[in-house]
Structures are given as C-alpha cells and as structure tokens.
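# Understanding the architecture of this molecule
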Amino acid sequence: MTDEAVFQRICTDIENNDVVLFMKGTPVHPMCGFSAAVVQILGHMGVTYKSVDVLMDSEVRDGIKQFSNWPTIPQLYVKGEFIGGCDIVRDMHASGELSEVLKSAGVNAPAA
Amino acid sequence: MPMAATEIEALIKASLPDADVTIEDMRGDGDHYRALVTSRAFKGKTRVQQHQMVYAALKGRVGGALHALALQTGVPADA
C-alpha cells in the first residue's frame, strides 16, 4: 500500500474519532510500558477513545511515524491534532494541561 | 546497537550548540535513557516541536538504535 493510502487510513481514523491512541497492543493488553502508561492516564480520566494496535498493522506502524514526524509509539490525537507521545501526555496530565486540551476540544473527560 | 550517553549529548549539541543536556541511563543497558534538554532555540516552540528538534538532532536513532528516550525539554530561565 502506498504512503498516500496509509496516510488516508490514518486521517480517516483521526477525523472520525475525537480521541485516537495509536499504541502497541490494546487497552486491555498493552504490549509496551509507554503505551500502557497512556492507556492508564486516559482510563483514569474516563476518556472514551479509539485505540489502534500498530502491532497488528505494520503499514500503520511505520506510516504513523512519517505522518506525524514522530519516531515512536504511542501517539495520541485529539480532534485530529497530534498531542504527543508518552512523555508529553504524562507531563500534560500532571500539569492539568491535558484535561484543558480535552475540555476545549469538547471531549468528555468525566474523571479529569 | 546501544548508544553511549556521550554520543547522544554530542549529537544534540551538534544541532543545538547552546543546549544544556543532562542524560540518565535508566537501565544501564545503553538503550533506555532519560534526557533533559534546555535551549534558547526552543523558545516559542510547542513541546511537540521541541521534542521533534531533539529527535532530528539524533538523526533517526530514536525508535531504532535508541529504543527509548524519555525526554523533557525547556527554555533556559534567562532566555
């Protein structure tokens, strides 16, 4: 599949879902500590999100890194915008910035 | 192939000459580091942009030779 086609699939996911987490594994079975950390934060905040297991899709696993110019997984998107990887999401959560971003994007985060 | 902390620091400073770089080898395996990087070049940049600048300085090694780099960036207080 061409880069263009992979980018289109990625765009479809991030445009059709308020919050998307590209991760290794699933929220129930994260396959890497960094992915698990973001899953825990989103779960703690009560955020509903779509997860994409890049281990099941090598084209998206590589394509997402080109798409965002970001070399690692996990990657969190809110309303189509790349928010960051594990470090940035953790820092934003600790400072309260993440709940602000979600609130201003109109995303429900009941436990934030 | 793991990387030495000195190599990471040298690469970052080659792209960000004024950078102050603190590196901690989190597991002693040369593959999992924590780095704090401050530079005036980060001024006005978002966190994502700041991290992308560090990743660019490391010339594609993050996610490859360097499995994990826990990164924190910032602008020097006097900038």
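Please read all numbers here as calculations on a predicted model, not as lab measurements.

All names here are of chain A. Note the cis peptide between I73 and P74, where omega equals 15°. We note that N69 has phi near 55°; this positive angle belongs to a residue other than glycine. Residues other than glycine seldom take positive phi values, yet K79 does so here, at roughly 50°.

Take the pairing of strand β3 (residues 68–74) of chain B next. Residues and elements named next belong to chain B. Here β3 lies mainly inside the structure; six of its seven residues are buried. Here strand β2 (residues 32–38) pairs with β3 via seven bridges, running parallel. Along β3, the bridge assignment pairs R34 with A70. You can see the chain leave β2, run along helix α2 (residues 47–57) and come back into β3, and the turn it takes is right-handed.

Residue and element names in this part refer to chain B. Strand order in the open sheet formed by three strands is β1-β2-β3, with mixed pairing between adjacent strands. What marks the edges here is a single partner per strand, and that holds for β1 (20–25) and β3. Strand-to-strand twist in this sheet, taken as the mean axis angle between neighbours without regard to direction, amounts to 15°. In the packing of α2 onto the sheet, the strands contacted are β2 and β3, and the crossing angle to β3 comes to about 125°.

Moving on, we come to the nonpolar core. Among the nonpolar cores identified, the biggest contains 54 residues, and F22(A), L102(A), I12(B) and V37(B) are the most heavily contacted of them. Broken down by element, this core gets its largest block of residues, six residues, from helix α2 (residues 33–45) of chain A. Other than its neighbours up to four places away in sequence, F22(A) contacts I10(A), D13(A), I14(A), V52(A), V54(A), V60(A), I64(A), I73(A), P74(A), Q75(A) and Y77(A).

Let us now look at α2(A). Residues and elements named next belong to chain A. Spanning 13 residues, α2 covers 18 Å between terminal C-alpha atoms, matching the ideal 18 Å at 1.5 Å per step. Of the positions making up α2, those classed as buried are S35, A37, V38, V39, I41, L42 and M45. Directly after α2, the chain includes G46, whose backbone phi takes a positive value near 75°.

What follows deals with the interface of chain A and chain B. Many structure descriptions define interface size as the accessible area lost when the parts assemble. Opposite the 14 residues of chain A that make contact, chain B presents 12 residues. Carbon and sulfur atoms make up 59% of the area that chain A and chain B hide from each other, which totals about 1,100 Å². On inspection of chain A and its partner chain B, the count reaches one salt bridge. E97(A) serves as the salt-bridge partner of R47(B), at 3.1 Å between the closest nitrogen and oxygen. Counting the contacts that link chain A with chain B gives four residue pairs in polar contact (both at pLDDT 80 or more). Listing elements by their share of the side of chain A that touches chain B, those giving two or more residues are β4 (81–84) and α4 (86–95) of chain A.

This paragraph deals with the confidence of the model for chain B. Residues with a pLDDT of 70 or more make up 99% of chain B, whose mean pLDDT is 90. Scored as a complex, the prediction yields pTM 0.89 and ipTM 0.82.

According to the stated counting rule, one finds six aromatic pairs over all chains in the structure shown. Measuring from ring centre to ring centre gives 5.3 Å for Y77(A) and F82(A), while their planes differ by 45°; the resulting arrangement is tilted. In textbook terms, an aromatic cluster arises when at least three aromatic residues are bridged by ring pairs, as seen for F7(A), F22(A), F67(A), W70(A), Y77(A), F82(A) and Y55(B).

About the thresholds
Residues numbered from 1 in each chain as written. Chains lettered and ligands numbered in written order. Predicted model: local features only at pLDDT ≥ 70, side-chain atom pairs only at ≥ 80, totals over all residues. Heavy atoms only, no water. Buried < 20%, exposed > 50% of the residue type's maximum accessible area, 1.4 Å probe, protein only. Helix = DSSP H or I, 4+ residues; strand = E, 2+ residues; numbered from the N terminus. Pairing = 2+ DSSP bridges. Right-handed = clockwise from strand over helix to strand, strands pointing away. Axes fitted to C-alpha atoms, helices over the stretch in contact; angles between N-to-C directions. Contact = heavy atoms within 4.5 Å. Core = buried A, V, L, I, M, F, W, Y, C linked by side-chain atoms within 4.5 Å. Expected span 1.5 Å × (residues − 1). Buried area = accessible area lost by both parts, 1.4 Å probe. Salt bridge = Lys/Arg side-chain N within 4 Å of Asp/Glu carboxyl O. Polar contact = N/O pair within 3.5 Å; in protein donor to acceptor, adjacent residues only side chain to side chain. pLDDT = per-residue confidence, 0-100. Phe/Tyr/Trp six-rings, centres within 6.5 Å; stacked < 30°, edge-to-face > 60°.

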